[in-house]
Amino acid sequence: MPLWKVYHPTNAFTDVDKQELAEKITNVYEGVPIPKFYAVVIFEEVTSGNCFVGGVRHDKFIRFKVDQIARTLPGPVIREWWMRTLDEVIAPFVKERGFDWEISIDETPFDLWSLQGELPPPFESIAEKRWVAENKASPYTYQEKLPAGHFLLTPGVTG
Amino acid sequence: MPLWKVYHPTNAFTDVDKQELAEKITNVYEGVPIPKFYAVVIFEEVTSGNCFVGGVRHDKFIRFKVDQIARTLPGPVIREWWMRTLDEVIAPFVKERGFDWEISIDETPFDLWSLQGELPPPFESIAEKRWVAENKASPYTYQEKLPAGHFLLTPGVTG
Amino acid sequence: MPLWKVYHPTNAFTDVDKQELAEKITNVYEGVPIPKFYAVVIFEEVTSGNCFVGGVRHDKFIRFKVDQIARTLPGPVIREWWMRTLDEVIAPFVKERGFDWEISIDETPFDLWSLQGELPPPFESIAEKRWVAENKASPYTYQEKLPAGHFLLTPGVTG
């Protein structure tokens with residue numbers, strides 16, 4: 001679901017750095033919770049002379065471009081909190097190493113997405129809960145598309 | 001219009017594979033129909049150690065990221081059918097070769113798009129029909145922006 | 001804010017070309033106005049045999065893929081004008097050199113974006129004006145989030 005593209009200068013990160021950053025990003029999504037394997041991080045080297053910021057060549061710039069599919073963040077408070085959370089995750093890999101950086105997130109359609117040939121189950125459904133537990137995509141029944149938690153069928157009734 | 005980015009491990013595909021996959025993808029869009037040349041496929045190698053799934057390094061993962069511009073898929077039935085159609089197209093190139101994979105589609109604004117300096121003509125217009133036939137972008141008149149098929153100017157009248 | 005990805009064949013552009021194109025793109029956004037450093041251009045080489053247009057291998061094709069974050073272009077007239085403006089900027093780098101090309105723009109959420117760990121200030125706010133002047137991101141106060149120009153607090157009153 002989230003696809004993170006990390007455009008970075010040559011040698012910005014070691015293999016260990018990449019592993020650690022990918023894990024920390026994954027942890028954030030796992031906490032939502034969503035299945036861990038939804039989080040994909042791809043590192044892409046931008047060789048010297050191919051990145052420009054404000055019209056000026058910039059060889060110490062890291063650009064994070066994220067597509068989020070499984071969840072639309074609801075409301076301004078959660079959206080701001082989310083950005084600040086991600087900023088904390090990436091800070092040790094950029095700010096504290098002397099890079100400039102930028103991150104932006106797009107929210108793409110939930111229903112135009114598939115994994116291992118399976119259309120992912122609805123948010124917080126029984127099937128999604130099972131995918132979280134098994135940490136892999138697998139076929140699911142119609143029954144498993146129902147919400148995992150307690151739910152009411154009578155509109156307007158709460159509590 | 002559709003821009004397909006295929007992020008794949010080194011040596012996942014031969015030149016012949018790439019040609020075949022690009023053709024099969026193009027055929028799906030041609031069947032809509034839209035001009036064949038709208039379909040662009042770019043293969044991008046992700047070298048070993050640069051892809052992580054669920055926080056774990058994964059060197060056998062293929063990620064398809066698609067931007068669709070010319071058409072917004074209407075309604076849940078067509079959207080699901082569309083994903084299943086694409087899954088069938090890519091299966092022989094991923095599933096049957098032992099790769100894990102994921103595909104997601106974004107729908108980007110129709111009116112922020114141009115080809116060879118031309119703003120593409122409206123859906124199913126006379127000009128689009130000509131572009132399909134000629135398989136290339138070219139200037140078109142205001143008259144050609146009208147629908148290619150039979151159309152009624154009286155709202156509310158059908159049949 | 002705008003992130004321009006330029007997918008181009010090997011050797012399509014010299015270092016001087018890249019510099020010039022990045023500057024010209026930046027100038028367009030600077031004229032909006034928005035802070036110059038919002039404009040990021042990344043050139044990405046697509047090696048021979050990895051780009052297909054209409055199912056046919058095409059090694060003379062340049063694809064511009066743009067994410068615009070800070071501004072949503074309002075209304076059809078401005079949106080068309082914007083595309084024509086960008087087409088003029090890129091023409092000398094594509095059309096006049098014998099390449100085929102295509103450009104598309106996505107508009108991604110303003111509130112899921114940060115720069116140097118700062119959430120960018122509102123459009124045309126006092127802070128944004130300061131960012132334009134200083135050409136870099138920095139912390140800003142709540143007060144600076146107000147509009148930079150003259151504004152009225154009474155809805156429905158104009159002039």
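Presented here is an overview of the structure given in this document. All figures in this text were calculated on a predicted structure; none of them were measured in a lab.

**Overview of the relation of the copies chain B and chain C**
Thinking step 1. Overlay of chain B on chain C (RMSD 0.0 Å): rotation 120°, translation along the axis 0.0 Å. Those values place the two copies in the arrangement expected of a three-fold rotation axis.
Thinking step 2. When the interface residues of chain B are mapped onto chain C, a mere 7% of them again fall at the interface, so the copies present different faces.

**Quick notes on helix α2 (residues 75-90) of chain A**
Thinking step 1. Taking 1.5 Å of rise per residue, 16 residues should cover 22 Å, and α2(A) covers 23 Å from first to last C-alpha, within 8% of that figure.
Thinking step 2. Buried within α2(A) we find A:Arg79, A:Trp82, A:Met83, A:Thr85, A:Leu86, A:Asp87, A:Val89 and A:Ile90.
Thinking step 3. Contacts made by the buried residues of α2(A) are with β1 (3-9), α1 (15-30), β5 (61-68) and β6 (100-107) of chain A together with β7 (113-115) of chain C.

**Quick notes on the interface of chain B and chain C**
Thinking step 1. Every contact between the two is made by 29 residues of chain B and, on the other side, 28 residues of chain C.
Thinking step 2. Carbon and sulfur atoms supply 52% of the area that chain B and chain C bury against each other, a total of about 2,600 Å² over both sides.
Thinking step 3. Interface area lost by chain B to chain C is led by B:Leu112, B:Gln116 and B:Leu119, which between them contribute 25%.
Thinking step 4. Notably, a salt bridge pairs B:Asp111 with C:Arg79, separated by 2.7 Å at the nearest N-O pair.
Thinking step 5. Put simply, chain B and chain C have 15 residue pairs in polar contact (both at pLDDT 80 or more) between them.
Thinking step 6. Counting only elements with at least two residues in the side of chain B that touches chain C, the list comes to β1 (3-9), α1 (15-30), β2 (40-46) and β7 (113-115) of chain B.
Thinking step 7. Grouping the amino acids of the side of chain B that touches chain C by side-chain chemistry returns 15 nonpolar, 6 polar and 8 charged.
Thinking step 8. Both β7(B) and strand β6 (residues 100-107) of chain C contribute to a ladder of 3 bridges, which runs antiparallel. Bridged to B:Leu115 within β6(C) is C:Glu102.

**Some points on the interface of chain B and chain A**
Thinking step 1. Contacts between the two partners involve 28 residues from chain B, matched on the other side by 29 residues from chain A.
Thinking step 2. Of the roughly 2,600 Å² buried at the junction of chain B and chain A (both faces included), carbon and sulfur atoms supply 51%.
Thinking step 3. Ranking the residues of chain B by area buried against chain A places B:Asn50, B:Phe52 and B:Glu102 at the top, with a combined share of 22%.
Thinking step 4. Here chain B is connected to chain A by 15 residue pairs in polar contact (both at pLDDT 80 or more).
Thinking step 5. At the level of elements, β2, β3 (51-53), β5 (61-68), α2 (75-90) and β6 (100-107) of chain B are the ones that each hand at least two residues to the side of chain B that touches chain A.

**Considerations on the pairing of β1(A)**
Residue and element names in this part refer to chain A.
Thinking step 1. Of all 7 residues in β1, 7 are buried, a share of seventy percent or more.
Thinking step 2. Neither face of β1 is left uncovered, since the one carrying Leu3, Lys5, Tyr7 and Pro9 and the one carrying Trp4, Val6 and His8 both have all their residues buried.
Thinking step 3. Of the strand pairs in this sheet, β1 and β5 are connected by 5 bridges, and their pairing is antiparallel. Along β5, the bridge assignment pairs Trp4 with Val66.
Thinking step 4. For β1 and strand β2 (residues 40-46), the ladder comprises 7 bridges, and the chain directions are parallel.

**Here's the deal with the sheet that holds β6(A)**
Thinking step 1. In spatial order, the strands read β4(B)-β3(B)-β2(A)-β1(A)-β5(A)-β6(A)-β7(C); together these 7 strands make up an open sheet with mixed pairing. Each edge of the open sheet carries a strand with a single partner, namely β4 (56-57) of chain B together with β7 of chain C.
Thinking step 2. Most of the contacts of α1(A) go to β2(A), to which it runs at about 140°, and overall it touches β1, β2 and β5 of chain A together with β3 and β4 of chain B.
Thinking step 3. Of the strands in this sheet, β1, β5 and β6 of chain A together with β7 of chain C touch α2(A), which is tilted by about 140° from β6(A).

**Topic: the environment of B:Phe110**
Thinking step 1. Structurally, the position occupied by B:Phe110 is in the loop between β6 and β7.
Thinking step 2. For B:Phe110, a relative accessible area of 27% puts it in the partly exposed group.

**With respect to the relation of the copies chain B and chain A**
Thinking step 1. Aligned on chain A, chain B shows an RMSD of 0.0 Å; the corresponding rotation is 120° and the shift along the axis is 0.0 Å.
Thinking step 2. Counting the interface residues of chain B, we find that no more than 7% of their copies in chain A are interface residues as well, pointing to two distinct contact surfaces.

**Things to note about the sheet that holds strand β3 (residues 51-53) of chain C**
Thinking step 1. Taking strand neighbours across the sheet as the criterion, the 7 strands line up as β7(A)-β6(B)-β5(B)-β1(B)-β2(B)-β3(C)-β4(C) in an open arrangement whose pairing is mixed. Two strands lie at the open edges of the sheet, namely β7 (113-115) of chain A together with β4 (56-57) of chain C, each paired on one side alone.
Thinking step 2. Running at roughly 140° to β2(B), α1(B) makes contact with β1, β2 and β5 of chain B together with β3 and β4 of chain C of the sheet.

**Things to note about empty space enclosed by the protein**
Thinking step 1. Enumeration over the complete set of coordinates arrives at 3 cavities of 30 Å³ or more.
Thinking step 2. Considering only enclosed or pocket space, the largest cavity measures out at about 80 Å³ in volume.
Thinking step 3. Lining the largest cavity are A:Lys5, A:Tyr7, A:Lys65, B:Lys5, B:Tyr7, B:Lys65, C:Leu3, C:Lys5, C:Tyr7, C:Lys65 and C:Asp67.
Thinking step 4. Contributing elements (two or more residues each) for the lining of the largest cavity: β1 of chain A, β1 of chain B together with β1 (3-9) and β5 (61-68) of chain C.
Thinking step 5. Residue composition of the lining of the largest cavity, grouped by class: 4 nonpolar, no polar and 7 charged.

**Remarks on the environment of C:Thr108**
Thinking step 1. Taking the relative accessible area as the measure of exposure, C:Thr108 reaches 7% and is therefore buried.
Thinking step 2. When residues no more than four places from it in sequence are discounted, the contact partners of C:Thr108 are A:Ile105, A:Asp106, C:Asp67, C:Gln68 and C:Ile69.

Here is what the cut-offs are and how they apply
- Residues numbered from 1 in each chain as written.
- Chains lettered and ligands numbered in written order.
- Predicted model: local features only at pLDDT ≥ 70, side-chain atom pairs only at ≥ 80, totals over all residues.
- Heavy atoms only, no water.
- Least-squares fit on C-alpha atoms with pLDDT ≥ 70 in both.
- Contact = heavy atoms within 4.5 Å.
- Helix = DSSP H or I, 4+ residues; strand = E, 2+ residues; numbered from the N terminus.
- Expected span 1.5 Å × (residues − 1).
- Buried < 20%, exposed > 50% of the residue type's maximum accessible area, 1.4 Å probe, protein only.
- Buried area = accessible area lost by both parts, 1.4 Å probe.
- Salt bridge = Lys/Arg side-chain N within 4 Å of Asp/Glu carboxyl O.
- Polar contact = N/O pair within 3.5 Å; in protein donor to acceptor, adjacent residues only side chain to side chain.
- Nonpolar A, V, L, I, M, F, W, Y, C, P; charged D, E, K, R; others polar.
- Pairing = 2+ DSSP bridges.
- Axes fitted to C-alpha atoms, helices over the stretch in contact; angles between N-to-C directions.
- 1 Å grid on protein atoms, 1.4 Å probe; cavity = no way out; pocket = protein on both sides within 12 Å on 5 of 7 lines; lining within 4 Å.
- Points joined across faces, edges and corners; volume = space filled by probe spheres on them.

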